Structure formats: structure tokens, C-alpha cells
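Listed below, chain by chain, are the residues.
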Amino acid sequence: MDTLESAVHELWARRGELSADDADARATVTAAIELLDSGRARVAEVDPAGEVVVHEWLREAILLLFLVSRVTTTELGPFEFADKIPLKRDYAAQGVRVVPGASARWGAFLEAGVILMPSYVNIGAHVGADTLVDTWATVGSCAQVGARVHLSGGVGVGGVLEPPNAVPVVVEDDALVGSRSMLTEGARVGQGAVLGAGTILTGSMPVIEAATGEQISRGRVPAWCVAVGASRRREFPGGEFFLPCVLVLRHLEVGERHDKAQLNQILRATGVVP
Ligand SMILES: CC(C)(COP(=O)(O)OP(=O)(O)OC[C@H]1O[C@@H](n2cnc3c(N)ncnc32)[C@H](O)[C@@H]1OP(=O)(O)O)[C@@H](O)C(=O)NCCC(=O)NCCS
């Protein structure tokens, strides 16, 4: 993998010269994207100290893929698409259930047991085992979603390619993200956290402990808690306004499932045997 990493860095350094005619460059980039697609590599991960480590060369490989690929038109019944990146394939062999209307791009990884309701998973995203990506949820490029997560209907998980931001969004194992919530700019949802419907969490959003009023982080919801979108008073020269924040209402026991986070196991079974 080290040789591939150096080859990608080398291509990145001379990206101004690359085109879709460059077969060698395309072969290198394809090899890197295959690693992402199969889950053998990932753009970012949480290290043992709890910090997010970004493997920049893989993000470079994704951007290079656009440079070395041509637009191809595909047709499906009355629909026509023109894109540079193919869709992911062979779901059943990977133990993944994909409902019509869902699509994931090649280079996204979906671990066994994932269910995609009509939703979208972009390139570089990594979705852990048994996670449910509910209707109209979108998982942005390079977003890292853990195992047994529920991204509820309409949740927007931001990507990092456009606009380029340093750290991808991370949703850790067992979290529930309530309907229509938005997570962007390196926001992080801790393991087992329950985020109320409609919560906006950006990397700079204050996260406040309701019991004490203390701001415990910016953009990071702690593990095993229930948090909701709220607002805080702010003084400006022009007057007093209310800006959004995220409020931690209460803490859960480690491993505790909130009753509103229970899911119907009948619906969750993928029914796909890899
Ligand atoms: C956050 C949530 C888990 C809280 O549930 P709970 O622990 O039972 O707590 P309560 O419903 O008693 O709410 C606690 C307080 O938070 C407020 N609150 C609840 N949900 C909220 C939300 N999404 N945003 C802001 N405030 C919220 C309530 O008004 C209540 O305040 P109050 O005590 O002043 O009345 C739940 O309201 C929620 O949003 N669940 C996600 C639902 C969802 O999206 N499901 C997906 C299904 S596909």
C-alpha cells in the first residue's frame, strides 16, 4: 500500500498535466479507489486516542479520479445519467440490502448488514455493519459512519470534497441521528449518542451540557447521551439574537439503548446472505 500511496502523491503533485488519456495514472487511481470500495482502506478513522486521522492520499486519489475519468452516459428506462464515476455493484454478495431509489457510488464502502433505503452514499464514505441509512438520507463523500447506526429519514451527512474541508464527519457506532438532522464540517457524534430530530451540528457549533450550562465542545456530541438542537442568547452591537447550539439533555448508561432508538428487527434483517 505504501508504494501506491507514493504513486498517488506523485500524481497529485503533477495533477495539472493529467487527463483521461493517461492510462497509467488511471490504473494507479483505480487501484486506490478499489481499496476504498472494498473497505481495505478508508479515508479517515478514529485512532486509539480518540482523534480522527485522515489519510490524505486517499482523498487525493478521489479527486484525481475526476481528472482521469471521462463522462459516460448510462440509460435506465426513461432515465439518462452522465457521470465520471460508476455506481457500486454486487450488493447481495456483500450482504447489503439496497431498496430501489438508493444509490451508492463506486469507492464508497458498505459493510455487511447495511440497509440503504432510497438514499445516497457518495464516494469515499465508509458505512459500518448493520447500519440503516433511511429514506432520503445522504452520506457525503468521505463521511465515516460506524456500525449499528441509524441515520433517520432525511439526515444530511456532509462530505469533504466539495467544499474541501480537512476532517470528515464521523458518526460512531450505535448512534441514532434523528430525522432531518444535518452534520457538517468535521462534526462528530459519539458512540451510542441519540441526536434529536432536526439537530444541526457543524464543526463549530457549541455543544452545551444542560445540567451545568457548560460548553463541553464545539461540534462534538459525547458518547452515550441524548442531545437536541437548541439556541443560546448572544449579544451583538446590533442587538440580542439567538444562535443555534446543541444541548446535551442527559447521559445514558454505556450500552443503553434509548426507547426511541429501538428499531424493528423484522425490518432490519437484510435477508441477504453473502
Ligand atoms: C431527542 C429525543 C430522543 C428526546 O426524547 P426523550 O428522551 O423521550 O425526551 P422528551 O421527548 O421528553 O424531550 C425532552 C425535551 O427535549 C425537547 N425535545 C424533544 N425532541 C427535540 C428535538 N428534536 N429538538 C429540540 N428539542 C427537543 C422536548 O420538548 C423536551 O423539552 P421539555 O421537557 O421542555 O418539554 C426525541 O425527541 C427525538 O427527537 N427522537 C428522534 C426521533 C426521530 O427522528 N426518529 C427517527 C425515526 S425514522
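Everything below is about the structure shown above.
This report concerns the structure included in the present document.

Parameters at a glance
- Residues numbered from 1 in each chain as written.
- Predicted model: local features only at pLDDT ≥ 70, side-chain atom pairs only at ≥ 80, totals over all residues.
- Heavy atoms only, no water.
- Pairing = 2+ DSSP bridges.
- Helix = DSSP H or I, 4+ residues; strand = E, 2+ residues; numbered from the N terminus.
- Buried < 20%, exposed > 50% of the residue type's maximum accessible area, 1.4 Å probe, protein only.
- Contact = heavy atoms within 4.5 Å.
- Axes fitted to C-alpha atoms, helices over the stretch in contact; angles between N-to-C directions.
- Parallel < 35°, antiparallel > 145°, perpendicular 65-115°, else oblique.
- Left-handed = near helix turned anticlockwise from the far one by under 90°.
- Nonpolar A, V, L, I, M, F, W, Y, C, P; charged D, E, K, R; others polar.

A separate point is the pairing of strand β25 (residues 225-236). Looking at chain direction, strand β20 (residues 194-195) and β25 are connected through 2 bridges and run parallel. Following the sheet pairing, Val194 is matched in β25 by Val226. Examined bridge by bridge, β25 and strand β26 (residues 239-251) share 12 bridges and lie antiparallel to one another. Bridge pairing in β26 places Ala230 opposite Cys245. Where β25 folds back on β26, the antiparallel hairpin that results is connected by 2 residues.

The next subject is the environment of Cys245. With respect to the helices and strands, Cys245 occurs in strand β26. With relative accessibility at 3%, the residue Cys245 sits in the buried group. Taking the C-alpha atoms as reference, Cys245 lies 9.4 Å from Ser204; in sequence the two are 41 residues apart. Ignoring any residue separated from it by four or fewer positions in sequence, one finds Cys245 in contact with Met205, Pro206, Ile208, Val228, Gly229, Ala230, Ser231 and Arg232.

Turning our eyes to something else, we now look at the sheet that holds strand β13 (residues 144-145). Strand order in the open sheet formed by 6 strands is β7-β10-β13-β16-β19-β24, with parallel pairing between adjacent strands. Sheet topology places β7 (109-110) and β24 (220-221) at the edges, where each strand pairs with a single neighbour. With 2 bridges joining them, strand β10 (residues 126-127) and β13 adopt parallel strand pairing. Within β13, the position partnered with Val127 by the bridge is Val145.

Our next topic: the packing of helix α1 (residues 2-13) against helix α3 (residues 56-67). One can describe the packing of α1 onto α3 by two numbers: an axis separation of 9 Å at closest approach and a directional angle of 50 degrees. The orientation of α1 with respect to α3, classified from their angle, is oblique. Considering only the axes of α1 and α3, their crossing is left-handed. Mapping the contact onto sequence places Leu4, Glu5, Val8, His9, Leu11 and Trp12 in α1 and Trp57, Glu60, Ala61, Leu63 and Leu64 in α3. When the residues that make up the contact of α1 with α3 are grouped by side-chain class, the tally is 8 nonpolar, 1 polar and 2 charged.

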